[in-house]
Number of protein chains: 2
Amino acid sequence: MSYTDQYIKEAEVRPSKRDELVRKALEIFYREGFHATGMDLLAAETGISKTTMFKHFSSKEELILAVLRLRDQEFRNCLFRRMEQAGRPRAQLLAMFDALSEWFGRPEFRSCMFIKAASEYPDPRHPIHAQSAEHKRLLFLQLQKIAADAGARDPDALARALLLLKEGAIVTAHLGHEADPAGDAKAAASIVLAAALDS
Amino acid sequence: MSYTDQYIKEAEVRPSKRDELVRKALEIFYREGFHATGMDLLAAETGISKTTMFKHFSSKEELILAVLRLRDQEFRNCLFRRMEQAGRPRAQLLAMFDALSEWFGRPEFRSCMFIKAASEYPDPRHPIHAQSAEHKRLLFLQLQKIAADAGARDPDALARALLLLKEGAIVTAHLGHEADPAGDAKAAASIVLAAALDS
DNA sequence: TTATAAATGGACCGATCGGTAAACTATATC
DNA sequence: GATATAGTTTACCGATCGGTCCATTTATAA
């Protein structure tokens, strides 16, 4: 049973404090940072008692893992649904950058939760780091499929290049002085895409 | 007096425990994380007493700022020196990705310290976050100049695109399953560069 | 050798950390 | 109403947190 199946199994349980906790914790961890958010602060901000937290999760890190699973699901669902709206595969690939642009424009935008998780848990063997890497791998698989559908001669390479631009745009949007990282990324993606689809 | 001038002024003071501390702290913060490294642990790992640390820096965050300044200097110096070795401006731009590839292959590689700092101090107004952003801005300025020297029609846009690929490659190298993020980025950069230099 | 500056060790501070346990409250079901 | 379950409050735990202070030791310069 992969971790995705595990998440589906958990979702069969009816809405509960557990779900509420994960949802709220996601927002706070994203805004403040994982280590920088203590469990007392989390209890105060979520309105959920520490006892309840530790009833549902055996440790803070287990809670973080649940948060990452939720974020992975919602992010990939939203992103690929938004891309699908663009119609044909080629347009979908470029629409990823429109989706990024919309995300960057939100007041709560603060980079990518998985980049944050990997930064705060830098050991690749740590479960939190590993789960962040898994999110990126799933992203790649989905994008590779669309690149193949778009008729790329080398869907792997194209997907990889587009993801580089995606990650670069996220970091730059969080850290740079650039006016339109998503637009810059889209422009570069257009060039790379044209080269990848030329016969 | 900009922060760069401030750093130069500090460097006029002769080698000291202070410099040793900053150098060693850089390694430990980079490996373990900022919040995850307490001052007791830092003292134990650096062999420098907490009293001495607090004699030279009024707070942990001031130490972190000094660490970031050092890292900024050494990173940009090394990167641009490495690029210069490639000769002509166009080759220099592509050599950035060779430099990245060499960096990624080092056992101590764990992403970019400034991405880490921004992740752990996500508020753009925080001095640590602001200094990380400044590092990226200085990088951009230097790259823009080389792009202009290479004859790009729009040096700004080219520099921005190349930096997107650079940041994407760093994140991917730290988080992805890809075999050669720097190589992928270089391939994409070649395509973008060709388009940018075409008359 | 002596004087001075720098650094250390050790103890301390109030606060927070992740986590535990018992008594109590709220809610749903029979 | 009785019972079971979920959740809360409150206090607690040992440990660590960033930071302070003083007596002592070490390093450096003359």
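Quick summary incoming for the structure in this document.

What counts as what
- Residues numbered from 1 in each chain as written.
- Chains lettered and ligands numbered in written order.
- Predicted model: local features only at pLDDT ≥ 70, side-chain atom pairs only at ≥ 80, totals over all residues.
- Heavy atoms only, no water.
- Axes fitted to C-alpha atoms, helices over the stretch in contact; angles between N-to-C directions.
- Helix = DSSP H or I, 4+ residues; strand = E, 2+ residues; numbered from the N terminus.
- Parallel < 35°, antiparallel > 145°, perpendicular 65-115°, else oblique.
- Contact = heavy atoms within 4.5 Å.
- Nonpolar A, V, L, I, M, F, W, Y, C, P; charged D, E, K, R; others polar.
- Near = heavy atom within 4 Å.
- Polar contact = N/O pair within 3.5 Å; in protein donor to acceptor, adjacent residues only side chain to side chain.
- Salt bridge = Lys/Arg side-chain N within 4 Å of Asp/Glu carboxyl O.
- Buried < 20%, exposed > 50% of the residue type's maximum accessible area, 1.4 Å probe, protein only.

1. Some points on the packing of helix α6 (residues 89-104) of chain A against helix α10 (residues 181-197) of chain A
Residues and elements named next belong to chain A.
Here is step 1: The interhelical angle for the contact between α6 and α10, taken along N-to-C directions, is 170°, at an axis separation of 9 Å. Classified by the interaxial angle, the pair formed by α6 and α10 is roughly antiparallel. The residues of α10 that touch α6, namely those facing Arg-90, Leu-93, Leu-94, Phe-97, Asp-98, Leu-100, Ser-101 and Phe-104, are Pro-181, Ala-182, Ala-185, Lys-186, Ala-189, Ser-190, Leu-193 and Leu-197.
Here is step 2: Among the residues forming the contact of α6 with α10, the class breakdown is 11 nonpolar, two polar and three charged.

2. Section: the protein's contact with DNA strand C
Here is step 1: Around DNA strand C sit 16 residues in total, of which Met39(A), Lys50(A), Lys60(A), Lys17(B) and Thr52(B) are the nearest.
Here is step 2: Ser49(B) has a polar side-chain atom sitting 3.0 Å from a phosphate oxygen of DNA strand C.
Here is step 3: With respect to DNA strand C, the side chain of Thr51(B) contributes an N or O atom lying 2.8 Å from a base oxygen.
Here is step 4: For the surface near DNA strand C, the elements supplying multiple residues, two or more each, are α4 (50-56) of chain A together with α4 (50-56) of chain B.

3. Here's the deal with the pattern of salt bridges
All names here are of chain B.
Here is step 1: A complete count under the given rule lists 32 salt bridges over all chains for this structure.
Here is step 2: Of the charged contacts, one joins Glu-167 and Lys-136 as a salt bridge, the two residues approaching to 3.1 Å between their closest N and O atoms. You can see Glu-167 sitting in helix α9 (residues 155-175) and its partner Lys-136 sitting in helix α8 (residues 127-149), a full 31 residues away along the chain.
Here is step 3: Judged by its relative accessible area of 7%, Lys-136 is buried.

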